[in-house]
Amino acid sequence: MAAPSHPQAEHSARLSDLHLLPRRVYRFRVLGMGLAALPVALVLRELDAPLASWAWLLASCFAWPHLAWWLARRSADPFQAELRNLMVDSMVAGLWAPLLHFNALPSVLLMSVATADKINTGIRGLWLRSLPGMLLAVLAGGLLTGFAFAPATSMPVLLACLPIMVIHTLAVSLNSFMLVRRVQLQNRQLDELSRVDVLTGLDSRRHWQDQAGRLLQCRHATGLPATLALVDLDWFKDINDQHGHAVGDDVLRGIAALVRRAAGPEAHAGRLGGDEFAIALPATQAEAEAMAERLRASVEAFSLPQAPGLRCSVSIGLAQARDHDLGLREWIESADKALYRAKHGGRNRTASQAAGTSAQPV
């Protein structure tokens, strides 16, 4: 026996389908059973079936779909109610096989359509769980009819089967196509979310690392310059302690906007975490130093209306990619060492990979 799924995950899946499953199944139940009525009626006429069989045709093909919808809607648990309805569908399809004297094409078609509807719900293993009920219905119907066996399918019955074969198959295929497209859209949205830091709108850490790694590879392949800037917001803990985390988030968003503006469209700007940002630029160190100074000055002038006395500054470490920077980790470590010098040199300044620093007045 398969291990049971995690209770919380199972509960979440049920909640997501609580009101959607009955509505989705209802359309296919009405379509499938309505189309099935035509070949069933022709077989009943050929068999000169009793009135009870005709009454069952009206009940199962035209009344049951709407009754099932009503039962699911009025239930306290529509999801479980619809699961029961789906099991009844399979038993109805199974019962029709002996009532039709096992006429080959409509009997197989009805049970196949009922099984396809289970698969179409997307509920794992539902079609398999419905098979015992279908088999019991076949046996019960066989006891009623004495297992009368007339498998030959006439041409009129065969032609009457074509609408359900074509229309129901296309409807299920279209539904599956729409579900696939929805999943693809959700995957694209998830991929976009994984690329963007939710708070700041900059590249997420992982996506930034991918972009910076490509820039470093390009530098090794072409020799074009590339410089890395690590930007750390000074005294950010004090900002949170004095003004609150909501203001701290506003500060991070504001600094991120300044980082994006200073970096320009050709650079890759991301948030590494906390109050640290990173910019990978296709530029020389001198060009990066000019960008860093613009950024430092803009942060120094930054203010928030909700925190009038708040003043911010950043420390920036720069490292131009060199031949010994064979990987992104070494490149980041070089910039981190420069950032360390800027922080310990008094903050609110830029330090390059070289030993000297470019100090800025606080």
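This one's a predicted model, so the numbers in the text were calculated from it and none came from an experiment.

A. Inspection of the environment of Ala-292 at higher detail. Looking at the element boundaries, Ala-292 is found in helix H11 (residues 285-300). The sequence separation of Ala-292 and Gly-201 amounts to 91 residues, and the corresponding C-alpha distance is 20 Å. Sequence-distant contacts of Ala-292, that is, excluding residues within four places in its chain, are made with Ile-316, Leu-318 and Thr-350.

B. Region of the structure containing helix H10 (residues 245-263). Given a rise of 1.5 Å per residue, 19 residues ought to cover 27 Å, and the 26 Å separating the end C-alpha atoms of H10 matches this to within 8%. Packing partners of the buried residues in H10 comprise strand E1 (227-233), helix H9 (236-243), strand E2 (268-273), strand E3 (276-281), H11 and strand E4 (314-320). The first or second residue beyond H10 is Gly-264, which carries a positive phi of 85°.

C. Region of the structure containing the pattern of salt bridges. Scanning the model with the defined rule gives eleven salt bridges in all. In this structure, Arg-29 engages Glu-82 in a salt bridge whose closest nitrogen and oxygen atoms are separated by 2.7 Å. Taken together, the residues span a long stretch of sequence, with Arg-29 in helix H2 (residues 20-47) and Glu-82 in helix H4 (residues 78-99) at a distance of 53 residues. Just as Arg-29 is buried, Glu-82 falls in that class too. A relative accessible area of 2% places Arg-29 in the buried class. Through salt bridges with shared partners, a single network forms among Asp-232, Asp-234, Lys-343 and Arg-347.

D. Fine view of a nonpolar patch on the surface. Together, Met-155, Leu-158, Leu-159, Leu-162, Met-165, Val-166, Ile-167 and Leu-170 make up a nonpolar patch on the protein surface, roughly 700 Å² of accessible area in all. Inspection of the secondary structure assignment puts Ile-167 in helix H7 (residues 155-195).

E. Spotlight on unusual backbone geometry. Its identity is not glycine, yet Phe-147 carries a phi of approximately 55°, on the positive side. As for its position among the elements, Phe-147 is in the loop between helix H6 (126-145) and H7. Within the chain, Asn-348 stands out as a residue other than glycine whose phi angle is a positive 50°. For Asn-348, a relative accessible area of 2% gives the class buried.

F. Representation of the nonpolar core in the model. If you look at the biggest cluster of nonpolar residues, it comprises 34 residues, and the most contacted ones within it are Val-251, Ile-255, Ile-279 and Leu-295. Elements supplying a minimum of two residues to this core: E1, H9, H10, E3, H11 and E4. In terms of residues, this core owes the most to one element, H10, which gives nine residues. Among residues more than four places away in sequence, those in contact with Val-251 are Leu-233, Ile-239, Phe-302, Leu-304, Leu-310 and Cys-312. Trp-64, Leu-100, Val-157 and Ile-164 belong to the second largest nonpolar core, which has 30 residues in total.

G. Expanded view of the packing of H4 against H6. Interhelical geometry of H4 versus H6 gives an angle of 35° and a closest axis separation of 7 Å. With respect to the hand of their crossing, H4 and H6 are arranged in right-handed fashion. Residues Leu-83, Leu-86, Met-87, Ser-90, Met-91, Gly-94, Leu-95, Pro-98 and Leu-99 of H4 pack against Leu-126, Arg-129, Ser-130, Gly-133, Met-134, Ala-137, Val-138, Gly-141, Gly-142 and Thr-145 of H6.

H. Inspection of the side chain of Arg-296 at higher detail. In this fold, Arg-296 is placed in helix H11. Look at Arg-296 and you get buried, because its relative accessible area is 4%. Within the structure, Arg-296 has its side chain in polar contact with the side chain of Glu-293 (distance 3.0 Å).

I. Local environment of the pairing of E1. Within E1, seven of the seven residues are buried, which leaves the element mostly enclosed by the surrounding structure. Across the two faces of E1 the burial is the same, with Thr-227, Ala-229, Val-231 and Leu-233 and Leu-228, Leu-230 and Asp-232 all buried. Two elements, E1 and E3, share six bridges in a ladder whose sense is antiparallel. By the bridge assignment, Thr-227 is partnered in E3 with Leu-281.

Definitions and limits used
Residues numbered from 1 in each chain as written. Predicted model: local features only at pLDDT ≥ 70, side-chain atom pairs only at ≥ 80, totals over all residues. Heavy atoms only, no water. Helix = DSSP H or I, 4+ residues; strand = E, 2+ residues; numbered from the N terminus. Contact = heavy atoms within 4.5 Å. Expected span 1.5 Å × (residues − 1). Salt bridge = Lys/Arg side-chain N within 4 Å of Asp/Glu carboxyl O. Buried < 20%, exposed > 50% of the residue type's maximum accessible area, 1.4 Å probe, protein only. Patch = residues over 30% accessible without salt bridge, like charges linked within 9 Å, V, L, I, M, F, W, Y side chains within 5 Å. Areas by Shrake-Rupley, 256 points an atom, 1.4 Å probe, with all protein chains shown as cover. Core = buried A, V, L, I, M, F, W, Y, C linked by side-chain atoms within 4.5 Å. Axes fitted to C-alpha atoms, helices over the stretch in contact; angles between N-to-C directions. Left-handed = near helix turned anticlockwise from the far one by under 90°. Polar contact = N/O pair within 3.5 Å; in protein donor to acceptor, adjacent residues only side chain to side chain. Pairing = 2+ DSSP bridges.

Read these as layout, nothing more, since geometry by itself doesn't imply function.
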